[in-house]
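# Examination of the molecular architecture
The lines below spell out each chain.
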Amino acid sequence: MPLQKNRKSIFSLFPLFKQLGMVLLVALLMSVAGLSVAQASSGVSATDTLEQRISPIGRIHIEGEEFTEKETSSAADAEEVEVVVAPTPTRKDYPNVGVSSRAIVWILAQMHLFFGALVLAVPLFVLVIELTGMITKDERYDDMAHEFMKISLVGFSITAIFGGSLALALFMLYPDFMGYMMHVFGAQWLVYASLFFLESFFLYTYYYGWDAFRYGNKKWLHITLGLMLNGAGMTIMVLANSWATFMMAPSGVNEVGAVVGNIWEVMKGPLWNPINLHRFIANIGFGGAVVGAYAAFKFLSSRDPVKRAHYDWMGYTSNFIAILAFLPLPFAGYWLMAEIYAYSQQMGITAMGGILAWLFIVQAVLIGTILLAGNFYLWSGMSRTEGSVRYKWLIKYIALVLVVCFLIWVTPHTIMLSASEIAALGGSHHHILGPLGIMPAKNIAVNLMLIVTFLSFQLYRRSDKVATVSWAPMGNALLVAIYIVAMVNIIFAGVYYGYFTNTVYKVGSSVMQVGTTLVVIIAGIVIDALMFKKAKVLPSHWGKIPDRSQYALFALPIAFTWLMGLMGYVRSSVKTHWHVYTVMKDTSPDNYIPTIGYAGNMITIVTVLFLLCVLFMFWVANLSATKQPKPVAAAEGGAS
C-alpha cells in the first residue's frame, strides 16, 4: 500500500504542474492586459507617434478654396476617437539577458507547439476509435483508445509548463510587441486562457471517467465529454493560429497598425483558414506517429504473445492514422503557399526562391523518409496474413517508383560552385539533372509517391480479404485503369505544361496533378468499400511481424518532428525583419534571417529535446501500469 500511495502521489503532481502553468499564464495575461489598457487610455506616447505619422491629415483642402487647418474646437476633440498605433521600439527597448532572446523564445515556442499538437490531435482520433468500439461492440477499441489517452494526459501537463514559460519569456523579452498584440486582440486572450480550464475539466473527466461511463447510456455521456474536449481544443488551436497569421498577414488594422475593425476582422486574415486546415491535418499525422512509437516501444519490450499482438495492432492503427492524415497534407501546404503568394509575392519568393529555398530540399528528404518508412511498415505488416501472397510481387515496383521519385525530389536546382567547376559543367546548371531541380519535376515526383503509397495501403487492406461480389474482376480492371491513366496524366501535365508552355500554365498544371491524385484516392476507397462489403475475411496473426518493422514506427515521429520544426521556421522567417508584417518592425539584435546552418542546429536541438520528453512520457505511461510484487521475504520476516 505505501508503494501504491507513493506512485499515486507522483502522478497527482502532473495535474498540479499543469494548473500552476495555467495560473501563471492567466496571471501574466491579465496583468499585461491591465498595463496595456492603462497605457492605451493614457495615450501619451502612442498619440505622439500618431501625430507624427498622420499629421498631413490635419489640413483640409476643398478644391477652389484655401487650405484650412483642422478644427480644434473642444467639441471636435470630444468626438475624436482615440487611436493606438503599432509601437516603434528601438534596440534599447529589448532587454539584454546575455543570450539570444530569439533562441530562448524559439525553443520554448517550438516545444509548446510540439506538445500542443500532440495533445490536440490524440483526443480527436481517440474519440473516433471509441465510437468505433461502441458501434462494433469490440472492447479492444475501447481499451486501445484509453491507452492512447494515457499518453496524452502526461503530454498535457508538459504543454502547460512550456506554454507558461513561453508567455513569461515573451512578456519579458519583447514587452512592446506583446503589449501591442494584447491591445489588438483584447479580451480574446482571456477567452483563450479560460478555454484551458474548460479543456482541463473535460480532459480529466473524460480520462478518469472512462470506466465509470463505459456501458449503456453512460457511454453517450462519456462520448459527449470527449466531443466537448475536442471542441475546446480546436477552439484553442484556431485562436492561437489567428495570432500567428496576424503577424504574417495583418487584417483589421490600417497601415500604421491602428485597429480599424472588430475582433472577427482581426482574426480572419487571408492566411487563417489555410493555416487552420494545414495544422489540423498535420497535428493528426504527428499525433498518430508519436503514439505509434509508443506501441513499437511496448511491442519490442514485451515477450508476452498476447501483449505483442495488442501492441502490434496498436502500432498498425497508429501508422494508419499517420499515413492517412499525411496523404492530403501536401495539398493543404499548396493552398497555404498559394495564399501566401497571393497576399505578398515578395513573401512567397523569400520562402521558395530566396535564402529559405534550400530548406525545401531538406523538407523533401524528410517527407521521403516518412513515405519510405510508412510503406516499409505496410509491406512488413502484409506478412500477418497468407492472403498477402497475391500482392507481394507488386512491392518491388512500388519501391522502384518511390526511390526514383525521391531522388528527383531531392535534386537541387542550383549548388555552390567555383569558377572552375562552372566552366567544367558548362554553366550553373547540370545539362541533364538541371531540369529535375525545378517544380514541374518535383510535382510529378511527389504526386506519384503519394499515389503508390496509397496503393501500398490499399494492398495491405486487401491482404486479409477475398471479394465475393460478381463484378470483382471488372472492379479490379477499373481500378487498374484509373491508376494507369492517373499516372500518365500526372507525368504528361508536369512535362508538357512545365517545360513547353509559359509560367501561367505551369502553375495551373499543379492543380490538375493534385486533382488527379485525389481522384485516385477517392476512387480507390469507394471501389474497395463496395467490393469488399461482404468479403470473405482471412485470418490475421497479430504479433507475427518482424521486429525491424517497428523501427519504421520510430522513424516516423523523428521525421515528423524535424519536419514540423523546419516548416515552422520557414513560415515564421518569411516576415523577415517585421514582428507584424509591414506594420511593426523588429528592431531587436535578432532582426535578420539566420544562416541555414544555425537554423538547422536550432531545429535539431528542439527535435532532440522533444524526443527526450516523449521518452519520459513513455516511461511514465509504462510506470503507471507497473505493479511491484510484494516482497516475500519481508512479509515472512514480519510474520515471524
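Preceding block: the structure.
Below is a short write-up of the structure. (Residues numbered from 1 in each chain as written. Predicted model: local features only at pLDDT ≥ 70, side-chain atom pairs only at ≥ 80, totals over all residues. Heavy atoms only, no water.)

## Here's the deal with helix α10 (residues 272–300)
Put simply, the rule is: Here a strand is any run of E in DSSP of at least two residues, a helix any run of H or I of at least four, and the numbering for each starts at the N terminus. Here, expected helix span is obtained from the residue count minus one, scaled by 1.5 Å. Burial status follows relative accessibility: with a 1.4 Å probe on protein chains alone, a residue under 20% of its type maximum counts as buried, one over 50% as exposed, and anything between as partly exposed.
The first and last C-alpha atoms of α10 sit 42 Å apart over 29 residues, in line with the 42 Å expected at 1.5 Å per residue. The element α10 is extensively covered by neighbouring structure, given that 23 of its 29 residues are classed as buried.

## Quick notes on unusual backbone geometry
Among all residues save glycine, negative phi is the norm, and among peptide bonds the norm is trans. The phi torsion at K137 lies on the positive side, around 55°, for a residue other than glycine. Tracing the backbone shows K137 in the loop between α4 (101–136) and α5 (139–173). A residue is classified by how much of its surface remains accessible, and K137, at 73% relative accessible area, is exposed. The backbone phi angle of T582 is positive, close to 65°, even though this residue is not glycine. As for its placement among the helices and strands, T582 is situated in the loop between β5 (578–580) and β6 (584–585).

## Observations concerning empty space enclosed by the protein
Rule in force here: The way it works is a 1 Å grid over only the protein atoms, where trapped points that fit a 1.4 Å probe form a cavity and open points with protein on both sides within 12 Å along at least five of seven lines form a pocket, and then any residue with an atom within 4 Å of a point lines it. Grid points are joined across faces, edges and corners, and a volume is the space filled by probe spheres set on the points.
The tally for this structure, following the rule as stated, stands at 1 cavity of 30 Å³ or more. Along its surface, the largest cavity is lined by V119, L120, P123, E199, L229, N230, G233 and M234. Elements with a contribution of two residues or more to the lining of the largest cavity: α4 and α8 (216–248). It is α8 that provides the largest number of residues to the lining of the largest cavity, a total of 4 residues.

## Topic: the packing of helix α20 (residues 548–573) against helix α21 (residues 596–623)
In plain terms, the rule: Note on definitions: angles span 0 to 180 degrees between N-to-C directions of axes, and those axes are lines fitted to C-alpha atoms, for helices only across the stretch in contact. Roughly parallel means an angle under 35 degrees; roughly antiparallel means over 145; roughly perpendicular covers 65 to 115; every other angle is labelled oblique. The hand of a helix crossing depends on one turn: near helix anticlockwise from the far one by less than a right angle means left-handed, and clockwise means right-handed. By definition, residues are in contact when any of their heavy atoms lie within 4.5 Å.
At a closest axis distance of 9 Å, the pairing of α20 and α21 adopts a crossing angle of 140°. Between α20 and α21, the angle is such that the two are oblique. Relative to α21, α20 is oriented so that their crossing is right-handed. On the side of α20, the interface is formed by I558, T561, W562, G565, L566 and Y569, while α21 contributes A599, G600, I603, T604, T607, F610 and L611.

## Observations regarding the packing of aromatic side chains
Stated formally: Geometry of aromatic contacts follows a simple scheme: Phe, Tyr and Trp rings, the Trp one being its six-membered ring, pair when their centres are within 6.5 Å, and the pair is stacked under 30 degrees between planes, edge-to-face over 60, tilted otherwise. A ring is considered to have a charge above it if a Lys NZ or an Arg CZ atom is located within 6 Å of its centre and within 35 degrees of its normal.
Tallied over the entire structure, the rule returns 36 aromatic pairs. When the centroid spacing of 5.5 Å and the interplanar angle of 50° are considered together, the rings of Y316 and W542 count as tilted. With Y316 in helix α11 (residues 305–326) and W542 in the loop between β4 (536–537) and α20, the pair connects residues that are 226 residues apart, well separated along the chain. For Y316, a relative accessible area of 9% puts it in the buried group. We classify W542 as partly exposed; its relative accessible area is 26%. What links up through ring pairs into an aromatic cluster is the set F185, W189, Y192, F196, W243 and F246. Just above the ring of Y592 sits the side chain of R102; from NZ or CZ to the centre is 4.7 Å. For the cation-ring pair, R308 lies above F299, with the distance from its terminal atom to the ring centre recorded as 4.1 Å.

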